[in-house]
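Chains, contacts and geometry: an overview
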Amino acid sequence: MRLSRLIGQRIKETPRDAQTASHIFLLRGGYARPVSTGIYSLLPLGTRITAKIEAIIREEMNRIDGQEVLMPVVLPEELWEESGRARSVGSELLRFEDRNGKPMLLGMTHEEAVVHLARTEVNSYKQLPFVLYQIQTKYRDEARPRAGLIRVREFTMKDAYSFHATQDDLDQYYERAHDAYVRIFNRMGMHDVASIQSDTGMMGGAVSHEFMAIAESGEDTIFMSPKGQYKANRDIAIANVHFKKEDPLPLSKVHTPGQQTIEEVAAYLGKQPADTGKAVFYLDGDDNLIFAMIRGDFEVNETKLKNYLQTSAIRFADDAAIRRAGAEPGYASPMDLDAESVRIIVDRSVAESSNLVVGANEADYHYENFNFERDLDAGEVTDIAVVRPGDPCPVTGQPLQMKRGIEVGNIFQLGTKYTEPMKCTFLDPNGVAQPMIMGCYGIGVGRSMAAVIEQSHDEYGPIWPIAIAPYHVHICVLNPNKPGVSEMAEHLYRELHNRGVEVLLDDRGEKAGFAFNDADLIGIPLRLIVSPKNVAQGKVEFKTRDGGQREMFDADNVVDIMAAMVDDLLAYSAGE
RNA sequence: CGGGGCGUAGCGCAGCCUGGCUAGCGCGACUGCUUUGGGAGCAGUAGGUCGGGAGUUCGAAUCUCCCCGCCCCGACCA
C-alpha cells in the first residue's frame with residue numbers, strides 16, 4: 001500500500017474528546033472514526049488490524065474444534081421470551097418492531113440464537129459434544145460508552161458456544177477453551193493478561209473467568225496476590241482478614257448528639273472506624289427491606305450482597321422505608337428491629353469483631369460494646385465486604401494488590417440455563433431426553449485492539465506487535481526526487497511484496513520529520529529508510545518502531561534479510 | 001438516570017461576561033516556486049446554517065427559554 005493513497009488522515013493534535021492512549025491514537029492515527037456515541041467506523045488501518053486479530057481467533061477456535069457459523073444480528077423477541085431474558089434484561093437490549101409490528105431486537109449476545117440452531121440440528125448423544133462460534137456484530141445500548149473502542153455500543157465479538165452431554169465433558173472443554181484464550185491473547189501481543197474469577201451476572205451459570213488486559217485505563221478492578229496464585233474481580237474478591245476477638249464488655253448506651261457518619265461517631269468517642277459497625281439499608285426488586293451490617297472501615301460489596309440474596313437488583317432504601325422497620329436513619333441498630341419486616345445480613349467483619357459501636361435506633365444515641373453473638377439473636381452471617389488493597393490474600397495470606405483491567409474476553413459455564421427453558425435436548429443412550437450442558441466463550445475484537453495499544457505505545461503512537469500490525473514493514477522515502485532514491489524504494493516495495501511481506505510505502509516525499517512522525521503514529525514494527533545519503537552508499541537503514549534496533553543493511557541483501565526477519569517474527573509470535 | 005464540562009471551517013481554539021461593520025487565529029487541504037534526516041519557507045486559493053428552534057432587540061456567535069449532540073465522573077454493565 002502506498003501511503004499517498006491510504007484513506008484515513010493522521011491528526012497532529014489530540015482530539016478534545018479523547019483521553020486514554022488507545023482512544024487518542026486510534027483517532028490520531030486514522031484507525032477509527034466516531035459516528036455516534038459508542039459507534040465507530042473502522043478505517044483501512046483499523047480494519048486490517050481487526051482482520052488479523054480475527055484470523056488468530058479463528059485459528060485457535062478451529063484448533064479446539066470450533067465450527068464457524070453466522071447468526072443474525074436481528075432476532076425475534078419471541079426467542080428471548082423462551083429463555084426468559086426478554087424480561088430479565090433491561091434497557092441495554094435494543095428492541096423495535098418490524099413493519100408488521102412484530103417485536104424484534106438487536107442481539108447483544110447469541111445464546112438464544114445458538115440454542116435455536118442446536119436444538120434443530122442435534123438430537124442424539126452421538127452428535128455431542130460440538131462447538132459453534134461466530135465473529136459477529138453485537139449491539140448493546142450501553143448507558144455510558146467511554147474511552148473510544150474500550151466500551152462501545154456496537155462492536156464485533158467472537159462468541160463461541162459449546163454443547164455437552166455431561167458436566168464432566170464441559171469441565172474438560174472449559175479447560176481447553178481457557179488454554180486457547182491464553183494462546184490467543186499471547187499471539188495478539190498482549191503481554192499482561194490475567195484470567196480471573198468473576199461474577200456471572202446476567203449470563204447466569206456457576207463457573208466463569210474473565211480475561212483482563214492489565215492497564216491503568218481499564219474499567220474493572222482486580223485483586224491479585226503478588227505472584228498471581230489468587231486473582232479475582234473486585235465484585236467477588238474475598239480477603240482473609242483476621243478480626244480481633246476480645247472479651248465482651250457490658251453494652252452501654254452513649255449520647256452522641258449530631259454524630260451520624262462513621263467518621264463523626266468514631267472521632268466523637270475517640271475510636272477508630274474499625275471499632276464501629278455500619279448499617280446500610282437496601283430495598284430489593286420486590287421492595288423488601290435489607291439491613292446490611294458491616295464494620296465501619298469496610299464498604300458493602302453490592303454484587304456479593306445481590307448474589308447472596310439471589311436477587312438481580314438492589315438499591316439504597318429511603319428514610320421512610322428505614323423508619324417503617326423501626327430503625328432510625330443515621331443511628332440504626334440491628335437490635336430491636338422488627339424481624340418480620342427486615343432481613344438482617346451481617347458481614348463477617350461484624351460477627352467476628354468485639355465491642356463495636358453501633359446505632360441505638362434513637363436519635364443522638366449509640367451503643368458501645370456491641371457483640372454480635374451476645375446482643376443479636378437474628379441475622380445471617382456472610383461475606384459482603386469490598387476487598388481493600390493490602391488485605392490478606394485468601395490463598396497465600398500476602399497483601400492483595402489492586403490493579404485495573406480491560407475485560408477482553410470471558411468464559412462461562414452456563415450449564416442448562418438456556419437449554420432447559422428452550423427445550424434443547426438430546427436423547428441419551430437410554431433414549432431419555434436430557435438438556436444439553438452449555439458453555440460460552442467471548443472475545444471483544446475492537447476492545448482487544450484498543451487494549452493492545454494501552455499496553456504497547458509511547459508518546460508518539462502505538463507500537464504494534466507484528467502479528468496484528470496493519471503492515472509488517474514501513475518504508476520511509478526521503479527526497480525521492482534525488483537520483484536513485486525512488487527507484488530504490490520502489491524496488492524494495494515490489495520485491496518485499498513478492499516475498500509475501502506486507503509493506504506500506506511512504507511515497508509522499510514529505511520532509512523527514514513529517515514522515516517519521518506519521519510512521520510512529522501508524523506504529524508498524526519494522527521500518528526501512530531510503531534516502532539519498534543511504535542510496536549513495538548502497539545502504540538501506542533499518543530500525544524498529546520500539547527503538548530497540550537500528551542498523552544499516554546492504555541494499556543488495558536487504559530484501560532477503562527483511563523477508564527472513566518477518567517470517568521469524570511471525571513464526572515466533574504464533575508460538576511455533 | 002444523577003453530577004459536571006463542551007458545541008464557532010476537516011482538527012485544535014479565540015471571540016460570548018460587557019450585543020454593533022465583511023466572524024478571527026494556528027494546524028490541515030488545494031495551486032505554484034523554493035526546501036528536505038524528527039511535524040519547512042514564501043505567495044496565493046478554497047472552506048462557516050457560529051449545534052437546532054423560538055424569543056428579546058434597530059441589531060444576536062454574544063442575552064433569555066426549549067430542544068439536540070458530544071465528552072468526563074457516578075449509577076449500570078454478557
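Predicted, not measured: the structure shown is a model, and the values here were computed from it. (Residues numbered from 1 in each chain as written. Chains lettered and ligands numbered in written order. Predicted model: local features only at pLDDT ≥ 70, side-chain atom pairs only at ≥ 80, totals over all residues. Heavy atoms only, no water.)

1. A short note on the overall build of chain A
- Helix and strand counts for chain A come out as 16 helices and 31 strands.
- On the principal axes, the C-alpha backbone points of chain A span a range of 95 × 65 × 50 Å.
- Sequence-distant contacts in chain A: of pairs separated by 6 or more residues, those separated by 24 or more amount to 70%.
- Summed over all atoms, the accessible surface of chain A reaches about 25,800 Å², with 47% contributed by carbon and sulfur. (Helix = DSSP H or I, 4+ residues; strand = E, 2+ residues; numbered from the N terminus. Contact = heavy atoms within 4.5 Å. Areas by Shrake-Rupley, 256 points an atom, 1.4 Å probe, with all protein chains shown as cover.)

2. Observations regarding helix 2 (residues 44–63)
- Compared with the 28 Å implied by 1.5 Å per residue over 20 residues, the 29 Å span of helix 2 between its first and last C-alpha is a close match.
- Of the residues flanking the end of helix 2, it is D65, one or two places downstream, whose phi is positive at about 70°. (Expected span 1.5 Å × (residues − 1).)

3. Section: the domain arrangement of chain A
- In terms of domain boundaries, chain A breaks down into domain 1 (19–237 + 402–454), domain 2 (252–382) and domain 3 (471–573).
- With 8 residues of domain 1 at the interface, the matching set in domain 3 holds 7 residues.
- Around 660 Å² of area is buried between domain 1 and domain 3 when both sides are counted, 50% of it from carbon and sulfur atoms.
- The largest per-residue losses of area from domain 1 upon contact with domain 3 belong to L45, R48 and K52, which jointly make up 52% of the total buried on that side.
- At the boundary of domain 1 with domain 3, the tally comes to 2 salt bridges.
- For R48, the salt bridge goes to E502, with nearest N and O atoms at 3.1 Å.
- Applying the counting rule to domain 1 against domain 3 returns 4 residue pairs in polar contact (both at pLDDT 80 or more).
- The set of elements that each furnish at least two residues to the side of domain 1 that touches domain 3 consists of helix 1 (21–28) and helix 2.
- Here the side of domain 1 that touches domain 3 gets 3 residues from one element, more than from any other, and that element is helix 2.
- Residues of the side of domain 1 that touches domain 3, tallied by class, amount to 3 nonpolar, 1 polar and 4 charged. (Domains from an automatic or database assignment. Buried area = accessible area lost by both parts, 1.4 Å probe. Salt bridge = Lys/Arg side-chain N within 4 Å of Asp/Glu carboxyl O. Polar contact = N/O pair within 3.5 Å; in protein donor to acceptor, adjacent residues only side chain to side chain. Nonpolar A, V, L, I, M, F, W, Y, C, P; charged D, E, K, R; others polar.)

4. Some points on the sheet that holds strand 13 (residues 252–255)
- On the basis of which strands lie adjacent, the open sheet formed by 3 strands has the order 13-19-18 and antiparallel pairing. Either end of the sheet is taken by a strand with one partner, and the two such strands are strand 13 and strand 18 (356–359). Neighbouring strand axes in the sheet, compared pairwise and without regard to direction, differ in orientation by 35° on average.
- Across 3 bridges, strand 18 lies against strand 19 (residues 365–370) in antiparallel orientation. For L356, the partnering residue across the bridge sits in strand 19 and is F370. (Pairing = 2+ DSSP bridges. Axes fitted to C-alpha atoms, helices over the stretch in contact; angles between N-to-C directions.)

5. Quick word on helix 13 (residues 485–498)
- For helix 13, which comprises 14 residues, the first-to-last C-alpha distance of 20 Å matches the rise-based estimate of 20 Å (1.5 Å per residue) to within 8%.
- Every buried residue of helix 13 is accounted for by V485, M488, A489, L492, Y493 and L496. For helix 13, the angular spread of buried residues about the axis comes to 135°, placing them on one side. Exposed residues pointing more than 90 degrees away from the buried face of helix 13 are listed as E487, H497 and N498.
- On its buried face, helix 13 sits against strand 27 (473–477), strand 28 (503–506), strand 29 (526–530), helix 15 (532–536), strand 30 (539–544) and helix 16 (558–573).
- Immediately downstream of helix 13, the backbone of G500 shows phi near 85°, a positive value. (Buried < 20%, exposed > 50% of the residue type's maximum accessible area, 1.4 Å probe, protein only. Arc of directions from axis to C-beta.)

6. Structural notes on the pattern of salt bridges
- Per the counting criterion, the structure on display carries 31 salt bridges.
- The closest approach of N and O atoms between R2 and D507, which form a salt bridge, is 3.7 Å. Separated by 505 residues along the polypeptide, R2 in the segment before helix 1 and D507 in the loop between strand 28 and helix 14 (512–522) bring together distant segments of the chain.
- Note that R187 is salt-bridged to E60, the shortest N-O span being 2.9 Å. Here R187, found in helix 6 (residues 167–188), pairs with E60, found in helix 2; they are 127 residues apart in sequence, far enough to count as distant. Like E60, R187 is buried.
- Via salt bridges that share partners, E59, E60, R63, R183 and R187 belong to a single interconnected network.

7. Topic: the layout of surface pockets
- If you add up the space inside the second largest pocket, you get close to 430 Å³.
- Lining the second largest pocket we find 19 residues, and of these W464, P465, I466, P525 and L569 sit closest to its centre.
- Broken down by secondary-structure element, the contributors of at least two residues to the lining of the second largest pocket are helix 6 and helix 16.
- Per-element tally for the lining of the second largest pocket: the top contributor is helix 16, with 4 residues.
- By residue class, the composition of the lining of the second largest pocket is 10 nonpolar, 6 polar and 3 charged. (1 Å grid on protein atoms, 1.4 Å probe; cavity = no way out; pocket = protein on both sides within 12 Å on 5 of 7 lines; lining within 4 Å. Points joined across faces, edges and corners; volume = space filled by probe spheres on them.)

8. Structural notes on the environment of I345
- When you line up the elements, I345 lands in strand 17 (residues 342–347).
- Each C-alpha atom, one on I345 and one on L309, is 9.3 Å from the other, the two residues being 36 residues apart in sequence.

9. What about the sheet that holds strand 29?
- Across the sheet, which stays open at both edges, the 5 strands sit in the order 28-27-29-30-31 with mixed pairing between neighbours. Each edge of the open sheet carries a strand with a single partner, namely strand 28 and strand 31 (550–554). On average, each strand axis in the sheet is inclined to that of its neighbour by 25°, with strand direction left out of account.
- Alignment of strand 27 against strand 28, held across 4 bridges, turns out to be parallel. Paired with V473 across the two strands is V503, which belongs to strand 28.
- Helix 13 contacts strand 27, strand 28, strand 29 and strand 30 of the sheet and is inclined by roughly 170° relative to strand 27.

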